[in-house]
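Residue-level structural notes
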Amino acid sequence: MWMKLIYPEWPKLPNQPEFHLPPHGPVVFAATVPDDVNLTFCDEHVQPLDLNDCPDMVAISCMLSCQVPRGWEIADHYRARGIPVIFGGIATQLHAEETRLHADSIFLGEAEGRTPIVIDDFLKGRLKPVYDYHGDFPDINLVGPARRSILDREAYNYRGTQMVDLVHASRGCRFNCFPCCTPFLGGRQFRPRPFDKVIEELEGINNNRLFIVDNSLAQDDDWERELFRQMIPLRKKWVSHPIREKDDILDLAAEAGCWYVYQAIFDTSDVIRARIKKYKDRGIGVEGTIILGTDDQDEDGIKRLIDFLLEVELDLAEFTVLTPFRHTPIRAQMEAENRILHNDWRRYTAGEAVFEPARMSVEKLNEMFQYAWDTFYYDQTKEVKMAQLYRKVIMREVADGTHNQVRLNKKHWDKKKESVSS
Ligand code: B12
Ligand code: SF4
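Residues numbered from 1 in each chain as written. Chains lettered and ligands numbered in written order. Predicted model: local features only at pLDDT ≥ 70, side-chain atom pairs only at ≥ 80, totals over all residues. Heavy atoms only, no water.

Quick look at the site of ligand 1
Ligand 1 sits among 40 residues. The nearest are Ser61, Ser65, Ala111, Glu112 and Asn215. At 3.1 Å from an oxygen atom of ligand 1 is found a side-chain nitrogen or oxygen belonging to Trp10. Mapped by element, the contributors of at least two residues to the shell around ligand 1 are α1 (25–30), β3 (57–61), β4 (85–88) and α3 (90–94). Looking at the shell around ligand 1, its residues break down into 24 nonpolar, 12 polar and four charged. Two domains each donate at least three residues to the shell around ligand 1, and these are domain 1 (2–140) and domain 2 (149–400). (Near = heavy atom within 4 Å. Polar contact = N/O pair within 3.5 Å; in protein donor to acceptor, adjacent residues only side chain to side chain. Helix = DSSP H or I, 4+ residues; strand = E, 2+ residues; numbered from the N terminus. Nonpolar A, V, L, I, M, F, W, Y, C, P; charged D, E, K, R; others polar. Domains from an automatic or database assignment.)

Right under this line is the structure:
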């Protein structure tokens, strides 16, 4: 049986550099697909999608809301030719009802231990329209190493630089922040994977640079300490969401190779200032993730926030516009207040206002979004600031003998030479 797994393209945010990270949901799902299935993969961000082939089944994986409409288009195309389509992934769960209209089957929830059931049903001609495992989480021990062999690895290098590989050490999140749908998806219970499985997976990744995509590592202090202790000998360099702000944990994180963290910044408080300093004192970089358009922000507030970011010398900043995604607390609030402008999911990119802001107009918020990018990156572009972060990691790799960039760069330039001469 041939299953063609597709990751539809989503619209990039206008201010983002032109590189793509390897998708994580598809490779983790692929690990659950039985070996006797002939699985092929197309990530539409980096590969052309052939819509004229005839797989036995098309499987579409969607992570973001703005990716879903493109997934529907692809599905409609295949189904019109009689090829069955199944959808899964985060955004399938968030948009289940609409997705059903474009699918033979939708899969809701985590796939470990369940995919063989789906395949078996399909082969017996009794594929169900819905596999609903939402909230019914599989045994975390079943989460195996992701099947990264399905990726075209070179497609994810950027100008000859090896970018990060994605991996996760836990699921679930015990917090419930207002813009986030993660508690709806993965539940409020923190579900760590066994250490030996995580370490084995990390060791097996042929890349020194990782993005640990766990929702938040700051969920259990003892777990976090032990994870970092066990990671030290691997000498990997990694990026993650926030780490618990305790001195000994931050020390361990730095020793375990923490390169930079994504830190949400909502205000200009001394708490945030102190947190950023703690990271930086240990050589850990900080990329701020800044949501614009919250109810407490007005135009002046946003300007003060940007000044603050420059003053605390953030390494990078990623600005997004507050977006009331499905199954988030903020959506419930805005629905109750009748402030949502439309449900055109293509435009739910977090790059434009899709709701009525409380303290400025829609136009002003969009203008402030661009102001934020332009002001923060006034003297150095995002590419330049990123290059500086990469320089830091390269120096650390050279110092501890884990650097393999020369080989990669050579391959990149050899390829360039080839294309010029042909
Ligand atoms: C990693 C990540 C990213 C990475 C993605 C890199 C990549 N190439 O994949 C990056 C940093 C790029 C990213 C960016 C953004 N992200 Co993000 N991200 C995540 C995060 C933390 C983890 C996703 C993940 O990998 N999960 C682990 C995998 C293994 O789980 P999974 O995909 O569910 O897969 C399982 C099942 O679903 C199933 N499955 C998967 N596919 C399929 C297919 C089939 C056929 C089947 C049967 C089953 C199946 O099998 C898997 C194993 O069980 C999630 C939060 C979360 N915990 O989900 C947010 C999340 C997806 N991101 C979100 C947001 C808001 C964003 C941004 C818009 C804003 C931002 N700055 O965060 C930007 C996008 C900007 C843009 N337009 O370009 C939101 C989604 C909002 C939405 N509804 O669109 C989430 C949910 C977090 C949140 N705040 O609520 N993100
Ligand atoms: S924003 Fe992060 S910490 Fe907050 S609920 Fe979402 S995943 Fe958890």
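Following the structure, the description resumes.
A closer look at the domain arrangement of the protein
As assigned here, the protein comprises domain 1 (2–140) and domain 2 (149–400). Every contact between the two is made by 38 residues of domain 1 and, on the other side, 41 residues of domain 2. Buried area between domain 1 and domain 2, both sides added, is near 3500 Å², and the carbon and sulfur share of it is 67%. The tally of links from domain 1 across to domain 2 stands at five salt bridges. Inspection of the domain 1/domain 2 interface yields 12 residue pairs in polar contact (both at pLDDT 80 or more). (Contact = heavy atoms within 4.5 Å. Buried area = accessible area lost by both parts, 1.4 Å probe. Salt bridge = Lys/Arg side-chain N within 4 Å of Asp/Glu carboxyl O.)

Observations regarding helix α7 (residues 195–204)
Helical geometry: 3.6 residues make up each α-helical turn, so side chains three or four residues apart lie on a common side. Of the residues making up α7, those classed as buried are Val198, Ile199, Glu201 and Leu202. Seen along its axis, α7 keeps its buried residues to an arc of 160°; they face one direction. What points out from α7, more than 90 degrees from its buried face, is the exposed set Asp196, Glu200, Glu203 and Gly204. Elements that come into contact with the buried residues of α7 comprise β7 (165–167), β10 (209–212) and α8 (221–231). (Buried < 20%, exposed > 50% of the residue type's maximum accessible area, 1.4 Å probe, protein only. Arc of directions from axis to C-beta.)

So, helix α9 (residues 247–255)
Regarding α9, the residues found buried are Ile249, Leu250, Leu252, Ala253 and Ala254. Of the surrounding secondary structure, the elements contacted by the buried residues of α9 are α8, β11 (237–240), β12 (258–264), α10 (270–281) and α14 (382–400).

Some remarks on the pairing of strand β2 (residues 38–43)
Alignment of strand β1 (residues 2–7) against β2, held across six bridges, turns out to be parallel. Opposite Lys4, over in β2, you have Thr40 as the bridge partner. Taken together, β1, α1 and β2 constitute a β-α-β crossover, and its handedness is right-handed. (Pairing = 2+ DSSP bridges. Right-handed = clockwise from strand over helix to strand, strands pointing away.)

Some points on the packing of α8 against α9
Look at α8 against α9: their axes get within 8 Å of each other, and the N-to-C directions meet at 25°. Between α8 and α9, the interaxial angle falls into the category roughly parallel. For the crossing formed where α8 meets α9, the hand is left-handed. Of α9, the residues touching α8 (which contributes Asp221, Glu224, Arg225, Phe228 and Arg229) are Asp248, Ile249, Leu252 and Ala253. (Axes fitted to C-alpha atoms, helices over the stretch in contact; angles between N-to-C directions. Parallel < 35°, antiparallel > 145°, perpendicular 65-115°, else oblique. Left-handed = near helix turned anticlockwise from the far one by under 90°.)

With respect to the site of ligand 2
Taken together, the neighbourhood of ligand 2 is formed by Cys173, Phe175, Asn176, Cys177, Cys180, Thr182, Pro183 and Asn215. When the residues that make up the shell around ligand 2 are grouped by side-chain class, the tally is five nonpolar, three polar and no charged.

Some remarks on the nonpolar core
With 73 residues, the main nonpolar core has Phe228, Trp238, Ile243, Leu314 and Phe319 as its most contacted residues. The element that contributes the greatest number of residues to this core is helix α13 (residues 362–376), accounting for seven residues. Non-local contacts of Ile243, meaning those with residues more than four positions away in its chain, are made with Leu217, Ala218, Glu224, Phe228, Trp238, Ile249, Leu250, Ala253, Cys258, Val261 and Tyr279. (Core = buried A, V, L, I, M, F, W, Y, C linked by side-chain atoms within 4.5 Å.)

Some details on the side chain of Glu110
Looking at where Glu110 falls in the secondary structure, it is placed in the loop between β5 (105–108) and α5 (115–123). Of note is the side chain of Glu110, whose polar atom sits 2.8 Å from the side chain of Arg191. Excluding residues within four positions of it along the chain, Glu110 makes contact with Phe137, Pro138, Arg171, Gly186 and Arg191.

Some details on the sheet that holds β1
The strand order across the open sheet built from six strands is β2-β1-β3-β4-β5-β6, with neighbouring strands paired in parallel fashion. Two strands lie at the open edges of the sheet, namely β2 and β6 (130–132), each paired on one side alone. In this sheet, neighbouring strand axes are inclined to one another by 20° on average, regardless of whether the strands run parallel or antiparallel. With four bridges connecting them, β3 and β4 associate as parallel partners. Residue pairing in the sheet places Ile60 in a bridge with Phe87 of β4. Helix α2 (residues 68–80) rests against β1, β3 and β4 of the sheet, and its axis sits at about 160° to β4.

Structural notes on the packing of α7 against α8
Orientation of α7 relative to α8, taken along the N-to-C sense of each, is 40°, at an axis distance of 11 Å. Crossing hand, α7 versus α8: right-handed. Counting all contacts with α7, which are made through Phe195, Val198, Ile199 and Leu202, the residues of α8 involved are Trp223, Glu226, Leu227, Gln230 and Met231. In the contact of α7 with α8, the residues fall into seven nonpolar, one polar and one charged.

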